[in-house]
Amino acid sequence: MCWSATADLIAGGGIAAVGVASVASAARRPLDLPLAALPLLLGAHQIVEAVVWHAQGGTGPATLAWAVIALPLLALWVPAAVLCAAPPGARSRLLIPLAVGTATCAALAQALATRSVTAEIRGHTVGYSLGLPWAALIVLGYLLATIGSLLLSGDRGLFLFGVLMGVGAAVSFALWRREYISTWCAFAALCSVVLWVWVRRRRPRTPRPSGRPAP
């Protein structure tokens, strides 16, 4: 995230707390739990980046942990979670972003296993470099898996989250091209609060008493 370790820590803690509330709200809908947990994961991700700030970047464990969450994990988590929560009529088309996400996850995991990821503090931002081969193709697959699955979900709340993610990706690329991954992940974490609202609206409602006297 931009600005400082403190900003990451505060934002991460707040978003993680929203994630806990989101998971609690989804307790009666098990198929919603992976998406409901996304704010919790993204909040923890921002806290990990606060550790990267304190370490002054580099190639340490916090940098690797940040990259594992941001790259292979989210590439698979998001399309799989959307598939679980989507209405039955949308599930067949969601197999496409899930397949793309699986392939992207495998490529990113292989890159992290064979290359060193480096974090560099650049003023008020953090830049990460991995030296990906076929970087443009992998980024395209990542976007199709994450944003694409949300836009194809058949759910208005998830579609809105996908639109926000798309706008965030475009803005981050335009303003912070070298720090694109970090700034977009921070934007996604903030926007994931939308999922808490989405989960609350999907909670099973307790039937109201009819008000009629018992026979």
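Use the structure listed above.
All values derive from a computational prediction rather than experimental measurement.

Procedures and definitions
- Residues numbered from 1 in each chain as written.
- Predicted model: local features only at pLDDT ≥ 70, side-chain atom pairs only at ≥ 80, totals over all residues.
- Heavy atoms only, no water.
- Phe/Tyr/Trp six-rings, centres within 6.5 Å; stacked < 30°, edge-to-face > 60°.
- Helix = DSSP H or I, 4+ residues; strand = E, 2+ residues; numbered from the N terminus.
- Buried < 20%, exposed > 50% of the residue type's maximum accessible area, 1.4 Å probe, protein only.
- Salt bridge = Lys/Arg side-chain N within 4 Å of Asp/Glu carboxyl O.
- 1 Å grid on protein atoms, 1.4 Å probe; cavity = no way out; pocket = protein on both sides within 12 Å on 5 of 7 lines; lining within 4 Å.
- Points joined across faces, edges and corners; volume = space filled by probe spheres on them.
- Axes fitted to C-alpha atoms, helices over the stretch in contact; angles between N-to-C directions.
- Parallel < 35°, antiparallel > 145°, perpendicular 65-115°, else oblique.
- Left-handed = near helix turned anticlockwise from the far one by under 90°.
- Contact = heavy atoms within 4.5 Å.
- Nonpolar A, V, L, I, M, F, W, Y, C, P; charged D, E, K, R; others polar.
- Arc of directions from axis to C-beta.

### Digging into the packing of aromatic side chains
The geometry of an aromatic ring pair comes down to the distance between the two centres and the angle between the two planes.
Working step 1: What the rule picks out here adds up to one aromatic pair.
Working step 2: Ring centres 3.8 Å apart and planes at 0° place the aromatic pair Trp66 and Tyr128 in the stacked group. Of this pair, Trp66 sits in helix α4 (residues 61-85) while Tyr128 sits in strand β2 (residues 125-129), and the two are 62 residues apart along the sequence.
Working step 3: Of the residues examined, Trp66 reaches a relative accessible area of 1% and is grouped as buried.

### Overview of the pattern of salt bridges
Working step 1: Counting across every chain of the model gives four salt bridges.
Working step 2: Of the charged contacts in the structure, one is a salt bridge between Glu120 and Arg122, with a shortest N-O distance of 3.3 Å.
Working step 3: Each of Arg29, Asp32, Asp155 and Arg202 takes part in salt bridges that share partners, so that together they form one network.

### Here we look at empty space enclosed by the protein
Working step 1: On inspection of all chains with the given rule, the structure shows one cavity of 30 Å³ or more.
Working step 2: Reported here for the largest cavity is a volume of approximately 100 Å³.
Working step 3: In this structure, the largest cavity is lined by Leu38, Leu42, Leu74, Val78, Tyr142, Thr146, Phe161, Met165, Trp184, Cys185 and Ala188.
Working step 4: Contributing elements (two or more residues each) for the lining of the largest cavity: α3 (38-54), α4, α6 (135-151), α7 (156-175) and α8 (180-191).
Working step 5: If you tally residues by element for the lining of the largest cavity, the top one is α8, at three residues.

### Digging into the packing of helix α1 (residues 5-25) against helix α9 (residues 193-202)
Working step 1: Contact pair α1 / α9: the axes reach a minimum separation of 9 Å and the direction vectors enclose 20°. Of the possible angle classes, the one that applies to α1 and α9 is roughly parallel. In this structure, α1 crosses over α9, and the sense of that crossing is left-handed. Of the residues in α9, those in contact with Val18, Ala21, Ser22 and Ser25 of α1 are Val193, Leu195, Trp196, Val199 and Arg200.
Working step 2: Along the lines of polarity and charge, the residues of the contact of α1 with α9 split into six nonpolar, two polar and one charged.

### Some details on α9
Working step 1: Residues of α9 that are buried include every one of Leu195, Trp198, Val199 and Arg202, and no others. Seen end-on, α9 carries its buried residues on one side only, within an arc spanning 100°.

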